[in-house]
Amino acid sequence: NLFLVDHEPAGVSGELIPTLERLRAEKTELVLGLRDILDEPEITLKNWEARGTNQTVKSLYDRIFVYGDESVFPTRQAYGLEKLLPRRVTSCGYVTSLDGSRGPAAAGQTKARIVVAGGGGRDAFPLLVAALEALALIPEEERPDADIISGPLMDAELVQPLTKAAADLSVRFMKSHPDIPALIAEADLFITMGGYNSIIEADSAGCPALVVPRVGPSAEQRLRAECLAKRGIVKMIPANDAYAIRLAGAIRKVRPGTPRKTASLDLGGADRAAEIICGLVEKNAQSRLLAKKEVKHANA
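Let us look at the structure shown here. (Residues numbered from 1 in each chain as written. Predicted model: local features only at pLDDT ≥ 70, side-chain atom pairs only at ≥ 80, totals over all residues. Heavy atoms only, no water.)

### A look at the packing of aromatic side chains
The final tally for this structure, using the stated rule, is two aromatic pairs. Pairing Phe73 with Tyr79 gives two aromatic rings, centres 6.0 Å apart and planes at 40°, and the pair type is tilted. Looking at Phe73, the relative accessible area reads 8%, which means it is buried. An angle of 45° between the planes, with centres 5.8 Å apart, marks the rings of Tyr94 and Tyr196 as tilted. Pair noted here: Tyr94 is in the loop between strand E4 (89–91) and strand E5 (113–117) and Tyr196 is in helix H9 (residues 196–205), with a separation of 102 residues, a long-range link. Accessibility assignment for this pair places Tyr94 and Tyr196 in one class, buried. (Phe/Tyr/Trp six-rings, centres within 6.5 Å; stacked < 30°, edge-to-face > 60°. Buried < 20%, exposed > 50% of the residue type's maximum accessible area, 1.4 Å probe, protein only. Helix = DSSP H or I, 4+ residues; strand = E, 2+ residues; numbered from the N terminus.)

This is the structure:
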């Protein structure tokens, strides 16, 4: 009754087109889900036009879900979504599976705790190097406890020097962790590159976040960090040759037992999207049932 597609309207290499065309002919409800920020709007608009994405969305989809908040970033306007599907674009809010628990700092904790993570890790190496350099600039007696997670996708030859540098500083280093949100929930500061999930995990846990957006290949993280920094939801440090020094300054200000914040973002996106999906599925099912009855009546 309904087909929900994430992020790539035609699939990574256009492989979804035959499926979409068949489902369209069968009157299946086709929904495209997009995160709040894709890239610089002008770049996205140019790429979508060149690849035929605009035509795919306009001719094959029934509606679009935006997993974000228009007051943070005007997704519908920035990417021309309303022109493609007028009055059929819904801003659902941000999507997370977390429950929004905001536990206090670990009992008896006398030192500040920070968590540094770069998502999957494929492009997190510069951030983790800078974080380790920043920690090295802080006297040992003032240095906070730190968990540094490289991410499972980081190349082994990059993990090795990070592991050694962390060991030299007595910093906990992990390639992955089964429950990073739990670490963030007990941290006094979360340092990240500003990916969608990382930002939401920090906001849901009420943990202060310091964002160092990656430099390319897209502007997604930079734009998200800039929008949230303007609203005071995160603090941002641009990546450059000297940002380890600025990181060190920010880390030295962290104190143990940092109070948890109330979530600043609208985190109800999953519930709203699910509610809309249920309504669309029911409507589609009733429509199909009615069509079958009409066919049977016509053939009687």
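### Quick notes on the sheet that holds strand E1 (residues 2–6)
Reading across the sheet, the four strands line up as E1-E2-E3-E4 and stay open at both edges, with parallel pairing between neighbours. Either end of the sheet is taken by a strand with one partner, and the two such strands are E1 and E4. Geometrically, the sheet is characterised by an average inter-axis angle of 20° between neighbouring strands, direction not taken into account. By the bridge criterion, five bridges tie strand E2 (residues 29–35) to strand E3 (residues 63–67) in an arrangement that is parallel. Residue pairing for E3: Arg35 is matched across the bridge by Tyr67. Those strands touched by helix H1 (residues 17–25) are E1 and E2, and its axis lies near 150° from that of E1. (Pairing = 2+ DSSP bridges. Axes fitted to C-alpha atoms, helices over the stretch in contact; angles between N-to-C directions. Contact = heavy atoms within 4.5 Å.)

### Side note on the sheet that holds strand E10 (residues 235–236)
Overall, parallel pairing links the six strands, which are arranged E7-E6-E5-E8-E9-E10 in an open sheet. Every other strand in the sheet has two partners, leaving strand E7 (172–174) and E10 as the edge strands with one partner each. Judged from the three bridges that link them, E5 and strand E8 (residues 189–192) form a sheet pairing that is parallel. The partner of Val116 across the bridge, within E8, is Ile191.

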